[in-house]
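Fold and geometry: a report
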Amino acid sequence: MAGGNEHIELKFRIYDGTDIGHSSYASSTTVAALKQKLVSEWPQGKSVVPKSVNDVKLIHLGKVLENNKTLSESGVHDGAFAGGVITMHVVIQPVLTKKKTAKKQDEKGKLNSCGCTILVGANPIG
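What this report covers is the structure whose coordinates are included nearby. Everything numeric in this text was worked out from a predicted model, so none of it was measured.

1. Details of the overall build of the protein chain
Within the protein chain one finds two helices and five strands. Classification of the 126 residues of the protein chain by burial places 25% in the buried group. Contacts in the protein chain between residues at least 24 apart in sequence constitute 58% of all its contacts with a sequence separation of at least 6. If you sum the accessible surface of the protein chain, you get close to 8600 Å²; carbon and sulfur atoms cover 54% of it.

2. Points about the packing of aromatic side chains
Inspection of every chain in the model, using the stated rule, returns one aromatic pair. Look at F12 and Y25: their rings are 6.0 Å apart centre to centre, the planes differ by 75°, and that puts the pair in the edge-to-face class. Of this pair, F12 sits in strand β1 (residues 7-13) while Y25 sits in strand β2 (residues 19-26), and the two are 13 residues apart along the sequence. By the burial criterion, F12 is buried, and Y25 matches it.

3. A look at the sheet that holds β2
Spatial strand order, β2-β1-β5-β3-β4: five strands in an open sheet with mixed pairing. Two strands close off the open sheet at either side, each with one partner strand: β2 and β4 (63-64). In this structure, β1 lies alongside β2, joined through six bridges in antiparallel fashion. Residue H7 lies in a different strand from β2, and its bridge partner there is A26.

4. So, the pattern of salt bridges
In the structure shown here, the tally under the stated rule is five salt bridges. Between D16 and K46 there is a salt bridge; the shortest N-O distance is 2.5 Å. One end of the pair, D16, is in the loop between β1 and β2; the other, K46, is in the loop between α1 (31-40) and β3 (56-60), and 30 residues separate them in sequence. It is possible to trace a salt-bridge network through shared partners that takes in K11, R13 and D19.

Calculation criteria
- Residues numbered from 1 in each chain as written.
- Predicted model: local features only at pLDDT ≥ 70, side-chain atom pairs only at ≥ 80, totals over all residues.
- Heavy atoms only, no water.
- Helix = DSSP H or I, 4+ residues; strand = E, 2+ residues; numbered from the N terminus.
- Buried < 20%, exposed > 50% of the residue type's maximum accessible area, 1.4 Å probe, protein only.
- Contact = heavy atoms within 4.5 Å.
- Areas by Shrake-Rupley, 256 points an atom, 1.4 Å probe, with all protein chains shown as cover.
- Phe/Tyr/Trp six-rings, centres within 6.5 Å; stacked < 30°, edge-to-face > 60°.
- Pairing = 2+ DSSP bridges.
- Salt bridge = Lys/Arg side-chain N within 4 Å of Asp/Glu carboxyl O.

Now the structure itself:
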């Protein structure tokens, strides 16, 4: 393989079946750079919109791609499929803030806790 000189034709399929970002990308392009491009070019009027790169997950051949890896390092190669265009799936999964996560953990703790009181020497009614 010719390092970063090879170009790969990609398109990205979002949750409603729309394809976006159809272009040719260098094999040295990082996954994080692809995500940034997708976030900046996200179609208007969609019900689900990523707020940042961290909200976006790219899936290729059933594997979630890591931000710090290049297309080449992620095993994405041109010509792998008939037609030469590779479709990656885009999943939007907003990152929960720590405040919300802590609140949910606190609520879970309340749901899973119980208390018992044993009354010693109490007279039974009846």
